[in-house]
Amino acid sequence: MSIKPLIILPDPILRQVSKPVERVDADLRKLADDMLETMYDAPGIGLAAIQVGEPRRLLVIDLAKEGEPPEPHIFINPEILESADQRSVYEEGCLSIPDYYAEVERPASVRVKYLDRDGKLQEMQAEGLMATCLQHEIDHLNGVLFIDHISKLKRDMVVRKFKKLAKDKAPGKMVG
C-alpha cells in the first residue's frame, strides 16, 4: 500500500463529477486500500477517490475511534436512495480543506446502495455520524464540498484564504 497525495482547495479537480466504476478488480481494490492508508495517515474518517486525483465513484470510511480496531468500509458507486426529513448538525472538516471546520446541517439518516470491495450489491441504513460522513463523501463524488452547505459569506472567506495560500506556495515565488 502507498499513501496518495491529497488534492487541496482551490484545485478545480475537486469540483469535477466522478465517473461510475465499471469493474471491480484488483486495481480498484488496491486504490481503495491506498485510500484507506492515506485517510489513516492524514488522519481522517472518510476519503473520496477524487481527493487523491481519481475521478471515480469510490469512497472509504472508518469511524473507529483511536485505540479501537479499524472498521474500514469501502463504497463503490454509492447512491443515496432515501434521506430522512429529520435533520442533524455535525461539525465537519475535510482533508481537502485543512484546518477548517464548520457546522453543517444534513438529513439525520440515509439509505445508501453501493457495491462492496467484492463487487456485491449492498444496502446500508446509516444514521448519525455514518450518515453525515456518507453524505459528505458522496458530495465529493458530485463535485460538492462541505463549504457549499454553509453561508456564502463564510464560504467566500474560506475560498479566498485557500486561493491566497496556493498563490503564496506557487513554484517560483521569491521568498525573503
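Rules behind the numbers
- Residues numbered from 1 in each chain as written.
- Predicted model: local features only at pLDDT ≥ 70, side-chain atom pairs only at ≥ 80, totals over all residues.
- Heavy atoms only, no water.
- UniProt positions renumbered as here; feature names shortened; annotations may be inferred.
- Pairing = 2+ DSSP bridges.
- Helix = DSSP H or I, 4+ residues; strand = E, 2+ residues; numbered from the N terminus.
- Axes fitted to C-alpha atoms, helices over the stretch in contact; angles between N-to-C directions.
- Contact = heavy atoms within 4.5 Å.
- 1 Å grid on protein atoms, 1.4 Å probe; cavity = no way out; pocket = protein on both sides within 12 Å on 5 of 7 lines; lining within 4 Å.
- Points joined across faces, edges and corners; volume = space filled by probe spheres on them.
- Nonpolar A, V, L, I, M, F, W, Y, C, P; charged D, E, K, R; others polar.
- Salt bridge = Lys/Arg side-chain N within 4 Å of Asp/Glu carboxyl O.
- Buried < 20%, exposed > 50% of the residue type's maximum accessible area, 1.4 Å probe, protein only.

The name given to the protein chain in an unreviewed UniProt entry is Peptide deformylase, with the source organism recorded as Mesorhizobium hawassense. As stated in UniProt under Sequence similarities (unreviewed entry), the record for the protein chain gives "Belongs to the polypeptide deformylase family." According to UniProt, the comment filed for the protein chain under the heading Catalytic activity (unreviewed entry) is "N-terminal N-formyl-L-methionyl-[peptide] + H2O = N-terminal L-methionyl-[peptide] + formate".

Peer 1: Looking at this structure, I do not really get the pairing of strand β4 (residues 87–94). What am I missing?
Peer 2: Regular strands have side chains that alternate between both faces of the sheet. Pairing of β4 with strand β5 (residues 97–107), which is carried by seven bridges, proceeds in the antiparallel orientation. Counterpart to Tyr90 in the pairing with β5 is Val104. With antiparallel pairing between neighbouring strands as the criterion, β4 and β5 make up a hairpin whose turn holds two residues.

Peer 1: In this structure, what is going on with the sheet that holds strand β6 (residues 109–115)? I would like to understand it.
Peer 2: Sheets are built from strands that pair by backbone hydrogen bonding, the pairs being arranged parallel or antiparallel. Strand order in the open sheet formed by five strands is β1-β2-β3-β6-β7, and the pairing between neighbours is antiparallel. Of all strands in the sheet, those bounded by a partner on one side alone are β1 (46–48) and β7 (121–127). Ignoring strand direction, the axes of neighbouring strands in this sheet form an average angle of 40°. Pairing analysis gives five bridges linking strand β3 (residues 73–83) to β6, with the strands arranged antiparallel. Paired with Ile76 across the strands is Leu115, a residue of β6. Across the sheet, helix α1 (residues 26–41) is in contact with β1, β2 (58–61) and β3; its angle to β2 comes to roughly 45°.

Peer 1: Mind showing me how you'd approach the layout of surface pockets here?
Peer 2: Considered as a void within the structure, the largest pocket measures approximately 520 Å³ in volume. Around the largest pocket sit 23 residues that line it, and Gly44, Ile45, Gly93, Cys94 and Tyr101 are the ones nearest its centre. Mapped onto the lining of the largest pocket, the elements with two or more residues apiece are β4, β5 and α2 (128–141). Among the elements that line the lining of the largest pocket, the one with the most residues is α2, at six residues. For the lining of the largest pocket, a count of residues per class yields 12 nonpolar, seven polar and four charged. Of the pockets and cavities examined, the second largest pocket occupies roughly 180 Å³. Taken together, Met39, Tyr40, Pro43, Gly44, Ile45, Asp62, Ala64, Lys65, Glu66, Glu68, Pro69 and Pro70 make up the lining of the second largest pocket. When its residues are assigned to classes, the lining of the second largest pocket shows seven nonpolar, one polar and four charged.

Peer 1: Please clarify how the pattern of salt bridges should be interpreted in this entry.
Peer 2: Close approach of charged atoms allows side chains of opposite charge to pair. In total, this model carries 13 salt bridges according to the counting rule given. With a shortest N-O distance of 3.2 Å, Arg56 and Glu54 are connected by a salt bridge. Note on Arg56: relative accessible area 30%, which makes it partly exposed. Given the relative accessible area of 24%, Glu54 is considered partly exposed. The partner of Glu123 in a salt bridge is Arg111, with the nearest N and O atoms 2.8 Å apart.

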